[in-house]
Amino acid sequence: MADAPKKYSKPLPQIDEESRPYWEALQRHELYIQKCRDCGELRYYSRAQCGQCLSPSTEWIRCSGRGKVYTFTVTNQNNVAGFRESLPYVMAYVQLDEGVKILTNLVDCAPQQVKIGMPVEVVYEDVTPEVTLAKFRPAR
Amino acid sequence: MSLKHKTAIVGAWEHPTRFAPDKSAFQITAESLHGALLDAGLTLKDVDGILSSGMAGGMGIIALCDYLNIQPNFIDSTSVGGASFVFHVAHAAAAINAGLCNVCAVVFGSTVASRPAGFGGGGADPSDQYEVPFGPTTVGSYAMIAERHMHDYGTTPEQLAEIAVTTRLHASMNPVAKYRNPITINDVLASRIISSPLHLLDCCIISDGGGAVIVTSEERARDMKKKPVYLLGAAETARHTSDGHRDFLETAAFQTGKLAFERAGVTHKDIDMAMIYDSFTITVLVTLENLGFCKRGEGGAFVQGGRLRYDGAFPINTDGGGLSSCHPMMRGMFLLIEATRQLRGECGPRQVKNCLTALVNGTGGALGQRHSGATLILSNQ
Ligand SMILES: [Zn+2]
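Parameters at a glance
Residues numbered from 1 in each chain as written. Chains lettered and ligands numbered in written order. Predicted model: local features only at pLDDT ≥ 70, side-chain atom pairs only at ≥ 80, totals over all residues. Heavy atoms only, no water. Helix = DSSP H or I, 4+ residues; strand = E, 2+ residues; numbered from the N terminus. Rg over C-alpha atoms; globule rule 2.2 N^0.38 Å. Lys, Arg positive; Asp, Glu negative; His and termini not counted. Charge placed at Lys NZ, Arg CZ, Asp CG, Glu CD. Domains from an automatic or database assignment. Contact = heavy atoms within 4.5 Å. Buried area = accessible area lost by both parts, 1.4 Å probe. Salt bridge = Lys/Arg side-chain N within 4 Å of Asp/Glu carboxyl O. Polar contact = N/O pair within 3.5 Å; in protein donor to acceptor, adjacent residues only side chain to side chain. Nonpolar A, V, L, I, M, F, W, Y, C, P; charged D, E, K, R; others polar. Pairing = 2+ DSSP bridges. Buried < 20%, exposed > 50% of the residue type's maximum accessible area, 1.4 Å probe, protein only. Axes fitted to C-alpha atoms, helices over the stretch in contact; angles between N-to-C directions. Parallel < 35°, antiparallel > 145°, perpendicular 65-115°, else oblique. Phe/Tyr/Trp six-rings, centres within 6.5 Å; stacked < 30°, edge-to-face > 60°. Lys NZ or Arg CZ within 6 Å of the ring centre and 35° of its normal. Donors = N, O, S within 2.8 Å, 3.2 Å for Na, K, Ca; no water. Tetrahedral: all angles 85-135°; square planar, octahedral: opposite > 155°, others 65-115°.

Asker: Just to check I follow, could you spell out the overall build of chain A for this structure?
Answerer: Counting its regular elements, chain A contains 1 helix and 8 strands. Mapped in sequence order, the helices and strands of chain A form the string α-β-β-β-β-β-β-β-β. Taken over C-alpha atoms, the radius of gyration comes to 16 Å for chain A, in line with the 14 Å a tight globule of 140 residues would show. Here chain A contributes 18 positively and 17 negatively charged side chains, and the mean placements of these two sets differ by 5 Å.

Asker: Would you explain the domain arrangement of chain A in this entry?
Answerer: Where the parts come together, the accessible area they lose is often given as the size of the interface. Residues and elements named next belong to chain A. According to the domain assignment, chain A consists of domain 1 (16–62) and domain 2 (64–140). Computed over C-alpha atoms only, the centres of domain 1 and domain 2 are separated by 21 Å. Opposite the 11 residues of domain 1 that make contact, domain 2 presents 16 residues. Across the interface of domain 1 and domain 2, roughly 1100 Å² is buried in total on both sides, 67% from carbon and sulfur atoms. Where domain 1 meets domain 2, there are 0 salt bridges. Seen at the junction of domain 1 and domain 2, the total is 5 residue pairs in polar contact (both at pLDDT 80 or more). When contributions to the side of domain 1 that touches domain 2 are tallied by element, the ones reaching two or more residues are α1 (20–27) and β2 (42–43). Residue classes in the side of domain 1 that touches domain 2 are distributed as 6 nonpolar, 2 polar and 3 charged.

Asker: Hey, could you run me through the sheet that holds strand β1 (residues 32–36) of chain A in this one?
Answerer: Strands belonging to one sheet form pairs held by backbone hydrogen bonds; the direction of such a pair is parallel or antiparallel. All names here are of chain A. Taken in spatial order, the 3 strands line up as β2-β1-β3 in an open sheet, and their pairing is antiparallel. Looking at strand neighbours, the two that pair on one side only are β2 and β3 (58–62), the edges of this open sheet. The pairing of β1 with β3 spans 5 bridges and is classified as antiparallel. Residue pairing in the sheet places tyrosine 32 in a bridge with arginine 62 of β3.

Asker: Sorry if this is basic, but what is going on with the side chain of threonine 237 of chain B here?
Answerer: Residues and elements named next belong to chain B. By the secondary structure assignment, threonine 237 is in strand β8 (residues 229–239). In this structure threonine 237 comes out as buried when scored by relative accessible area, which is 18%. Within polar-contact distance, the side chain of threonine 237 engages the side chain of glutamine 255 at 3.4 Å.

Asker: Mind showing me how you'd approach the interface of chain B and chain A here?
Answerer: Each partner contributes residues to the interface: chain B has 37 residues there, and chain A has 44 residues. Together, the buried faces of chain B and chain A total about 3400 Å²; carbon and sulfur atoms form 55% of this surface. Among the residues of chain B in contact with chain A, Tyr130, Phe134 and Asp243 of chain B are the three that bury the most area, contributing 25% of the side total. Linking chain B with chain A are 1 salt bridge. Between aspartate 243 of chain B and arginine 47 of chain A there is a salt bridge, with the nearest N and O atoms lying 3.0 Å from each other. Of all the secondary structure elements, the ones that give two or more residues to the side of chain B that touches chain A are α4 (138–153) and β5 (193–195) of chain B. With 7 residues, α4 of chain B is the single largest residue contributor to the side of chain B that touches chain A. Partitioned by chemical class, the residues of the side of chain B that touches chain A number 12 nonpolar, 18 polar and 7 charged.

Asker: Teacher, can you tell me more about the packing of helix α5 (residues 157–171) of chain B against helix α9 (residues 281–291) of chain B here?
Answerer: A pair of packed helices is characterised by two quantities: the angle between their axes and the separation of those axes. All names here are of chain B. With their axes 9 Å apart at the nearest point, α5 and α9 run at an angle of 105° to one another. Of the possible angle classes, the one that applies to α5 and α9 is roughly perpendicular. Contact residues: Leu160, Ile163 and Ala164 in α5; Thr281, Ile282, Val284 and Leu285 in α9. Classifying every residue of the contact of α5 with α9 gives 6 nonpolar, 1 polar and no charged.

Asker: Would you mind showing me how to read the packing of aromatic side chains here?
Answerer: To describe a pair of aromatic rings, you give the distance between the ring centres and the angle between the ring planes. Inspection of every chain in the model, using the stated rule, returns 16 aromatic pairs over all chains. Between tyrosine 22 of chain A and tryptophan 23 of chain A, the aromatic rings sit 5.0 Å apart at their centres with planes inclined by 80°, giving edge-to-face as the arrangement. Residue class for tryptophan 23 of chain A comes out buried when judged on its relative accessible area of 3%. Ring centres 6.0 Å apart and planes at 25° place the aromatic pair tryptophan 23 of chain A and tyrosine 130 of chain B in the stacked group. Of this pair, tryptophan 23 of chain A sits in helix α1 while tyrosine 130 of chain B is found in the loop between β4 (103–110) and α4, placing the two residues in two different chains. Members of the aromatic cluster, connected to one another through ring pairs, are Tyr22, Trp23, Tyr44 and Tyr45 of chain A together with Tyr130 of chain B. The aromatic ring of tyrosine 45 of chain A is capped on one face by arginine 47 of chain A, whose charged end is 3.9 Å from the ring centroid. The ring of tyrosine 70 of chain A has arginine 148 of chain B sitting right over it, with the charged end atom 4.2 Å from the ring centre.

Asker: Just to check I follow, could you spell out the coordination of the zinc ion for this structure?
Answerer: A metal bound by six donors in octahedral fashion has ideal angles of 90 or 180 degrees, whereas one bound by four tetrahedral donors has an ideal angle of 109.5 degrees. All names here are of chain A. Ligation of the zinc ion by protein atoms is provided by Cys36 (SG), Cys39 (SG), Cys50 (SG) and Cys53 (SG), these donors lying 2.2 to 2.4 Å from the ion. Here the zinc ion binds 4 donor atoms, and the angle range of 101 to 123° at the metal identifies the geometry as tetrahedral. Sequence positions of the donors to the zinc ion reduce to the motif C-x2-C-x10-C-x2-C. Of this pair, cysteine 39 sits in the loop between β1 and β2 while cysteine 50 sits in the loop between β2 and β3, and the two are 11 residues apart along the sequence. Among the residues examined, cysteine 50 registers a relative accessible area of 1% and is labelled buried.

Laid out in structure tokens, this is it:
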């Protein structure tokens with residue numbers, strides 16, 4: 001697990017009823033996405049209904065936590081508290097092996113080492129007692 | 001029912017300010033409206049449709065109606081980021097054509113440079129909780145598109161830089177542009193990287209500013225002071241994360257360009273100049289590809305060799321763009337104004353020769369997360 005700073009000052013997710021199972025799974029160090037029981041479409045981020053057919057019938061799929069870097073940026077400027085103090089950092093879309101692309105940070109890796117297509121694996125960062133973030137590091 | 005040639009822009013005025021700590025956004029808006037009405041030979045009493053976006057908080061466009069003391073028959077405050085005003089012209093045309101009103105004013109004023117509002121945090125949109133914990137920035141969102149484009153097609157920082165260089169050349173011929181000293185490709189590459197692979201000079205500037213355009217029916221347009229600029233075709237849409245399945249190099253312009261050309265009944269060869277929202281250099285490159293001016297992946301080569309200069313084969317952003325002239329958070333208004341001025345032949349040293357038909361493409365929001373897009377095709381014929 002990556003080190004969590006003593007006082008966490010970055011913006012926290014505003015968890016709602018649609019997203020609560022996603023965040024609760026992350027607290028257990030499990031990464032879930034949704035699948036429509038009617039049309040089979042996988043989706044990220046979490047919503048109460050399918051983006052293809054609006055069906056509310058949803059199952060949660062546990063992900064392998066493995067994927068590849070789809071694209072990324074090394075951020076050198078951000079005045080938002082918490083990020084201002086942790087420049088530079090890498091923001092990326094990771095395409096999970098299950099198919100969906102998710103926005104995240106790449107950690108445990110020098111920014112200049114990051115390449116598109118690089119295999120990565122999830123690392124769970126417990127940033128507060130209530131919130132765990134899914135970040136990614138180079139696959140081991 | 002087609003909107004082709006039913007309406008025209010008959011007034012356009014760009015506020016010359018780039019820094020106005022002594023004025024409110026509402027005042028800049030009112031001054032811009034006054035300028036556009038004088039340009040058209042109309043008065044406030046003629047305006048029966050009002051369209052705007054960007055009023056911070058409060059009652060928005062109702063507060064603007066109060067401030068301007070107008071009781072219009074048509075109100076639209078479609079707010080889709082910097083592209084909003086491009087959407088507004090299409091909405092004004094539809095409203096006028098449907099008989100809802102006769103004279104629409106599309107107006108804008110901003111003091112974002114002299115009184116910057118805070119960014120970041122978020123939490124209002126359902127998607128925010130999945131993004132704000134990871135430190136997204138506006139530049140970063142576009143930078144991720146640039147990184148992927150470079151990876152897939154070998155697009156180079158030098159190619160992106162040429163867009164900024166060309167735009168600065170145009171700004172040098174615009175007396176009200178904020179940055180007018182010419183720059184080189186090396187200057188762009190030597191500027192610090194804000195969010196890789198985008199340098200400072202790949203990014204739009206921050207300024208105050210404002211502007212207004214007046215839209216009316218084709219019949220009424222014939223009696224105005226200035227030569228009408230007719231709307232031939234318009235289209236709008238949005239692109240977003242698509243449930244996690246998005247093809248990130250396809251932008252809103254892919255859909256709106258195709259529709260706007262179909263609706264206008266013209267082809268790419270007919271476009272004499274284009275105003276392309278240049279929030280960042282990469283925005284221009286992928287927009288030109290998605291509009292079909294070159295194939296996907298060929299944007300890097302397309303923007304090289306001076307093609308985009310005012311005297312090149314495909315002039316764009318002749319006012320100096322958001323990269324050098326002004327970018328008061330939202331740039332759509334200035335795309336409309338410069339296209340109108342070019343089609344009237346009012347651009348002096350930066351005038352595009354034989355400019356009959358122009359394309360305007362607005363992109364609002366964050367390209368790598370969710371964005372709006374609208375395309376207009378305008379002509380003086
Ligand atoms: Zn479904």
